[in-house]
Amino acid sequence: MAQIIDRRLNGKNKSAVNRQRFLKRYSEQIRKAVSDAIAGRSITDMEQGETVSIPAKDISEPTFRHGQGGKRQTVYTGNKEFSPGDKIPRPSGQAGGKGGKASNSGEGMDEFAFQLSKEEFLEFFFEDLELPNLVKTKLATIQEHKTVRAGHSSDGVPTNIHIVQSMRGALARRIALRGPYHKQIAELERELAGLALIPEADEKDKEKLREEIKELKAKAGRIPFIDPFDLRFHNRIEQPKPTTQAVMFCLMDISGSMDQNKKDIAKRFFILLYLFLKRTYEKIDIVFISHHTIAKEVTEEEFFYSRETGGTVVSSALRLMDDIMKERYPSGDWNIYAAQASDGDNWNDDSPICRNLLIENIVPYLQYYAYIEITTENPQNLWREYLKVKGGCSNFAMQRIETVGDIYPVFRELFKKQLV
Amino acid sequence: MNNKILSESSEWTFELIERYNQEIARVAANFKLDTYPLQVEIITSEQMMDAYSSVGMPLGYSHWSFGKQFLATEQRYRRGFMGLAYEIVINSDPCIAYLMEENTMMMQALVIAHAGYGHNSFFKNNYLFTTWTSADAIIDYLLFAKNYIADCEERYGVEAVEATLDSCHAIMNYGVDRYKRPPKLSISKEIARQKEREAYMQSQLNELWRTIPQKEEDVANDSAQTYPSEPQENLLYFIEKNAPLLEPWQREIVRIVRKVAQYFYPQRQTQVMNEGWATFWHYTILNQMYDEGLLSDGFMIEFLQSHTNVVAQASFDSKFYNGINPYALGFAMMSDIKRICQEPTEEDRQWFPEFAGSDWLETLDFAMRNFKDESFIAQYLSPKLIRDFKLFTVLDDDRQNELEISVIHNEEGYQRVRQNLSDQYNLGNNEPNIQVYNIDRRGDRSLTLRHVQYNRRPLADTMTEVLKHVARLWGFKVRLETLKEDGSVELTQQVEPDNQV
């Protein structure tokens, strides 16, 4: 008799080890393919897997095989018009006659294509990147705690008494303990009522019954209204409170000189930063601050697509950021990151103000500040002032970008492993 | 409405599978199919891909190439290029057949009949399988291999083990004894023997390491002779026993790969027969059940559609042509043998006097037991089938400018086209004939392989890579000579050992 076994619940990832081995072995090629893929697709859908292909010859497993040439006879099916002795020209590009011998095993294909999962894709993308100055995350190992309610307990300090729960318990206890007395009282009363119907009944008996009833009632009355046993206390336990929340400030110049192309580059940069942070933090707030001569907090939509004319005052955005930080994101609770994109234009007089704002009010409270300048022109005074900031703060980085293609290397440069 | 019908719906349940299996088993037994006990396992499509990528080994050791296989399978499956194979069956005792949960009841029944009784009986009775594989020991052995290799990875590092496996895989096809019968082994014996081997292995290698001075005439005699005295076809075996620099654990890995190659060797030699046999029986068994009123018309139509797809054979000029479909050829030949037994024509009597008109069950049983693809075709391919398939041979000679149609399906051609087709299934012709020819014991300890050319066919460029793998295992220089058809020998390639392959 055959055995029928349901194996569906067995682990389905028997090949996971082999898959990982493969990815590890060819990580060089795959990383390159991933790089190409990122260049090729819009970064707004970064959160997907990707079909990558690597050259099949790199991963082939060689065996002894016959090569082309020599003499061979091959049998085919479905003859229609051939007679023995017919000559047919040799088909070009194929050895050994016709038919698709070359591609049936997949070995003959030039590219080996396969699907990377989203996680694997990002893993490759972010490989050897590291969150800079993960001071807070390191501190998170000496975690802050917060107390949270966790049900009730039967002892505790008086301030924590849960009144409703305690009273409920007391009521239940009273009902439970009185039950037998009430039963007896009801019985005796029935007896008494029965005696009352009989005229010749002995008054003494009645009296006795009344006595008993009274006694029982007194007993029932003596059951305490509340007992230490009834008390319930709020139970509070301590839970570690990881600071896994981050806020990311996106600052961008939207003055006339920033055209859509530049904004596009900036956008990708912001998205990359966002994705990167998302891997480390559970919750990320994003604040978009756009500025020309004045700054305002805007929605994502406005941020990337609105356009203003006029000049540029960068410090306005920095001031606004400072205000928002103080108001909503105390640095004790939040890991703060900032990314600023600009084409480098600024009122000359404003740049030193920016420098001071950054050094005194902003950068000390930040995990990281990344500034990218999207321009092909020579650095202007903003860049020069920022260079001074960079000199004084290790968590400040700045880069110049010319085309979309520069983003990835710049991104890596900004966040490359910091040797301690 | 017939009450005997087993099911109407296409949904399967465990009870239904059980009932179908009972009926199929009963019908199979009536047809005298001799099988191992059957173990049916229900798995998901993902598990099927797992099974698929470990080339049908229920317990594979870990290696990146299986991961590659898995990714390729997954990719094709996702894109819909390929339906998953609807059956995988393991040559073991009990015989394990996998059913995919996504399949309909009809498919489950088809797979049970095809794999669980068709392949199963073939595994149990074909001479190649009974000679070369030990169905009762294979699961234990694979488990041993998996654990041993995992152990090695822990002790010597994943990379070292992987490198050794890579090299072994490269010459896996040359890890087969074609003529010697391997002894049956049990798991406990295997472990005991492995310990023993490890302890004594190094001392057995003194042929190469011998440093005691020899008398002069001995040296003269010695250098005149080649070692091994006769060429060795089993490269992996030769390396396992003679490679001077391998660590004991590496020898064991060579041995494991060799054993796995040996286990799969019969399957590679009996593709047409094995698939033909299984297809013939699922067709016969399910038709029998239909005749008995156990199957509904709907079931039968669904079944015939899927059966027809399996045995479809495209013409050479079709864009679907992908060589000769072993299912189609095998099924046609099995059915044809039955036909020749039951309704022989004059031609059949002339071609197959020994069995035309005989009992078809016995004749088929005999054919299944005693042949492999090559001999099966040479023996049983009938002129009628050659005509049905319109078989013809193309001669491709690189000394001619044009291809020549050498034989077609006519009176003069039957014998030769049959011979050509049979040769096409001869692994000895398809794989280059490469053997260990000599090792230079007195000099640089180099290993010489000799390729005996067949029809002037050269080796593909991959040989350099393969030789590097051989050199890694051997530890010294490896030479490859080619023996041409005119008797001349030339040095084709030589490779110095280099740990980077």
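Residues numbered from 1 in each chain as written. Chains lettered and ligands numbered in written order. Predicted model: local features only at pLDDT ≥ 70, side-chain atom pairs only at ≥ 80, totals over all residues.

1. Focus on the pairing of strand 12 (residues 368–374) of chain A
Residues and elements named next belong to chain A. Judged by how many residues are buried, strand 12 sits mostly within the fold: 7 of 7 residues are covered. Residues Tyr 368, Ala 370, Ile 372 and Ile 374 line one face of strand 12 and the alternating positions Tyr 369, Tyr 371 and Glu 373 line the opposite face, and both faces are buried. Bridge count between strand 11 (residues 335–342) and strand 12: 6 bridges; the pairing is parallel. Across the sheet, residue Ser 342 finds its bridge partner in strand 12, namely Glu 373. A crossover links strand 11 with its parallel partner strand 12, the connecting element being helix 11 (residues 350–362), and its sense is right-handed. Note: strand 12 against strand 13 (residues 396–401), 6 bridges, orientation parallel. Residue Ala 370 lies in a different strand from strand 13, and its bridge partner there is Ala 397. (Buried ≥ 20, exposed ≤ 12 C-beta atoms within 10 Å, placed from the backbone. Helix = DSSP H or I, 4+ residues; strand = E, 2+ residues; numbered from the N terminus. Pairing = 2+ DSSP bridges. Right-handed = clockwise from strand over helix to strand, strands pointing away.)

2. Quick notes on the sheet that holds strand 1 (residues 38–43) of chain B
Taken in spatial order, the 4 strands line up as 1(A)-1(B)-3(B)-2(B) in an open sheet, and their pairing is mixed. Strands at the two margins of the open sheet, each flanked by one partner only, are strand 1 (3–6) of chain A together with strand 2 (88–90) of chain B. Across the sheet, the axes of successive neighbouring strands diverge by a mean angle of 20 degrees, strand direction being ignored. Looking at chain direction, strand 2 of chain B and strand 3 (residues 95–100) of chain B are connected through 3 bridges and run antiparallel. Bridging across to strand 3 of chain B, Ile 88 of chain B finds its partner in Tyr 98 of chain B. Set on the sheet, helix 2 (residues 45–53) of chain B makes contact with strand 1, strand 2 and strand 3 of chain B; between it and strand 3 of chain B the angle comes to about 135 degrees. (Axes fitted to C-alpha atoms, helices over the stretch in contact; angles between N-to-C directions. Contact = placed C-beta atoms within 7 Å.)

3. A word on helix 14 (residues 297–310) of chain B
Residues and elements named next belong to chain B. Helix length check: helix 14, at 14 residues, gives a terminal C-alpha distance of 20 Å against a target of 20 Å (1.5 Å per residue), a fit within 8%. Every buried residue belonging to helix 14 is among Phe 299, Phe 303 and His 307, and all of these are buried. One side of helix 14 carries all its buried residues, which in axial view fall inside an arc of 60 degrees. The exposed residues of helix 14 that point more than 90 degrees off its buried face are Asp 297, Ile 301, Gln 305, Thr 308 and Asn 309. Those residues of helix 14 hidden inside the fold are in contact with helix 4 (105–125) and helix 13 (271–291). (Expected span 1.5 Å × (residues − 1). Arc of directions from axis to C-beta.)

4. Focus: the interface of chain B and chain A
In this assembly, 79 residues from chain B lie in contact with 54 residues from chain A. No other element matches the 11 residues that helix 3 (residues 64–79) of chain B contributes to the side of chain B that touches chain A. Split into classes, the residues belonging to the side of chain B that touches chain A amount to 34 nonpolar, 25 polar and 20 charged. (Nonpolar A, V, L, I, M, F, W, Y, C, P; charged D, E, K, R; others polar.)

5. A closer look at the confidence of the model for chain B
This prediction gives chain B a mean pLDDT of 86; 89% of its residues lie at or above 70. ipTM for the predicted complex: 0.81, alongside a pTM of 0.69. (pLDDT = per-residue confidence, 0-100.)

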